Amino acid sequence: MSGARPPLALAADERLIFALDVPGRAQALEWIDRLGDSVRFYKIGMELLASGDYFPVLDDLAARDKRVFVDLKFFDIPATVAGVVRGLGRWPVSYCTIHGWHPAMMQAAAEANTGSDMRLLAVTVLTSMDGNDLRSMGIPGEPEAIVVERALAAQAAGIDGVIASGLEAGPIRRATGPGFSIVCPGIRPGGPAGDDQKRSVGVAQAFRDGADAIVVGRPIRQADDPRAAAVAIQREIAESLSN
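Note that this is a predicted model, so its numbers are computed, not measured.

Here the focus is the confidence of the model for the protein chain. On average, residues of the protein chain score 90 in pLDDT, and 87% of them are at 70 or above. Note that pLDDT drops below 50 for residues 192-196; the model gives that stretch six contacts with residues more than four away or on any other chain.

The subject of this paragraph is the packing of helix α1 (residues 25-35) against helix α3 (residues 54-63). Packing of α1 against α3 leaves a shortest axis separation of 10 Å and a crossing angle of 20°. Regarding the angle of α1 to α3, the classification is roughly parallel. The element α1 and its partner α3 pack so that their crossing is right-handed. In this structure, α1 uses R25, A28, L29 and I32 to contact α3, whose residues at the interface are P56, V57, D60 and L61. Of the residues belonging to the contact of α1 with α3, the class tally is six nonpolar, no polar and two charged.

On to the pattern of salt bridges, then. What the rule picks out here adds up to 11 salt bridges. The partner of D60 in a salt bridge is R25, with the nearest N and O atoms 2.8 Å apart. Residue D60 is found in helix α3, and its partner R25 is found in helix α1; the two are separated by 35 residues along the sequence. A relative accessible area of 13% places D60 in the buried class. Relative accessible area serves as the criterion here: at 35%, R25 is assigned to the partly exposed category. Between K73 and D71 there is a salt bridge; the shortest N-O distance is 2.9 Å. The exposure class of K73 is partly exposed, given its relative accessible area of 23%. Given a relative accessible area of 8%, D71 falls into the buried group. The structure contains a network of salt bridges with shared partners spanning D13, E14, R40 and R67.

The side chains of a regular strand alternate, first on one face of the sheet and then on the other. In strand β2 (residues 41-44), alternate side chains face the same way, and those of F41 and K43 on one face and Y42 and I44 on the other are all buried. Here strand β1 (residues 16-19) runs beside β2; their pairing, made up of three bridges, is parallel. Residue I17 lies in a different strand from β2, and its bridge partner there is F41. After leaving β1, the chain enters α1 and then returns to the sheet as β2, a path that is right-handed. With four bridges connecting them, β2 and strand β3 (residues 67-74) associate as parallel partners.

The next point concerns the UniProt feature "active site" (unreviewed entry) in the protein chain. In the UniProt entry, the feature "active site" (unreviewed entry) is given for D71, K73 and D76. When you line up the elements, D71 lands in strand β3. Sequence-distant contacts of D71, defined by excluding residues within four places in its chain, comprise K43, I44, G45, M46, Y54 and T97. Not counting residues within four places of it along the chain, the set of residues in contact with D76 comprises V81 and M105.

The next thing to look at is the sheet that holds β3. Pairing between the strands of a sheet is mediated by backbone hydrogen bonds and can be parallel or antiparallel. Taken together, eight strands build a closed barrel; the order of strands is β1-β2-β3-β4-β5-β6-β7-β8 and the barrel is parallel. Direction aside, neighbouring strands of the sheet carry axes that sit 25° apart on average. Relative to strand β8 (residues 213-216), β1 is paired through three bridges, and the arrangement is parallel. If you follow I17 over to β8, its bridge partner there is V215. Packing of helix α4 (residues 78-88) onto the sheet brings it into contact with β3, β4 (95-99) and β5 (119-123), and relative to β3 it is tilted by some 170°.

About the thresholds
Residues numbered from 1 in each chain as written. Predicted model: local features only at pLDDT ≥ 70, side-chain atom pairs only at ≥ 80, totals over all residues. Heavy atoms only, no water. pLDDT = per-residue confidence, 0-100. Contact = heavy atoms within 4.5 Å. Axes fitted to C-alpha atoms, helices over the stretch in contact; angles between N-to-C directions. Helix = DSSP H or I, 4+ residues; strand = E, 2+ residues; numbered from the N terminus. Parallel < 35°, antiparallel > 145°, perpendicular 65-115°, else oblique. Left-handed = near helix turned anticlockwise from the far one by under 90°. Nonpolar A, V, L, I, M, F, W, Y, C, P; charged D, E, K, R; others polar. Salt bridge = Lys/Arg side-chain N within 4 Å of Asp/Glu carboxyl O. Buried < 20%, exposed > 50% of the residue type's maximum accessible area, 1.4 Å probe, protein only. Pairing = 2+ DSSP bridges. Right-handed = clockwise from strand over helix to strand, strands pointing away. UniProt positions renumbered as here; feature names shortened; annotations may be inferred.

What follows is the structure in structure tokens.
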């Protein structure tokens with residue numbers, strides 16, 4: 001089994017990951033230009049994939065010296081996921097997500113992820129889900145217990161880290177120890193926003209509890225001045241890291 005590698009060496013301003021949830025390349029380039037040097041790390045996900053522009057945008061980001069997070073949450077038989085991870089490792093990708101529900105699949109992905117700097121992150125429980133959602137799927141227990149269980153399984157399989165709510169960053173860090181990456185989506189700098197994120201936290205709490213990086217989308221995208229919103233989050237990250 002492949003062992004997890006050291007976490008990415010992230011500069012302070014690379015710990016904010018902007019969710020580039022757009023329908024095509026033109027809109028992606030508009031956002032990259034609009035945010036300028038306020039964002040150095042971008043997540044590209046399923047909406048962009050459907051446009052056919054996914055890899056051109058990946059190349060655009062790399063050409064502008066931006067880090068890239070491929071968030072496609074791979075989940076299939078071990079051989080298939082291993083093949084995808086092996087192929088994706090040839091691209092300039094810093095993070096890639098797979099689902100954290102299948103130990104054999106995670107182990108196959110970890111073993112396939114050699115010869116690149118890409119780090120694999122296992123998705124634990126989506127931040128849009130709560131305990132009621134888990135129970136409706138036949139999964140007993142509260143999100144924190146399930147998330148920690150899946151984080152430990154990912155670590156045992158050789159995966160580099162997890163995607164999890166900031167609410168579980170502390171328990172994950174205590175369970176896995178240092179060196180295991182924790183990336184937290186669903187961050188709401190101004191507090192709960194009444195959207196589909198059920199398990200969200202603020203910037204400072206996520207980093208205080210052990211997050212390595214955060215993913216922010218709508219709080220920047222929907223701001224009156226998106227670049228100023230990103231700068232404000234970067235400032236809060238820097239303050240959190242210095243405390």
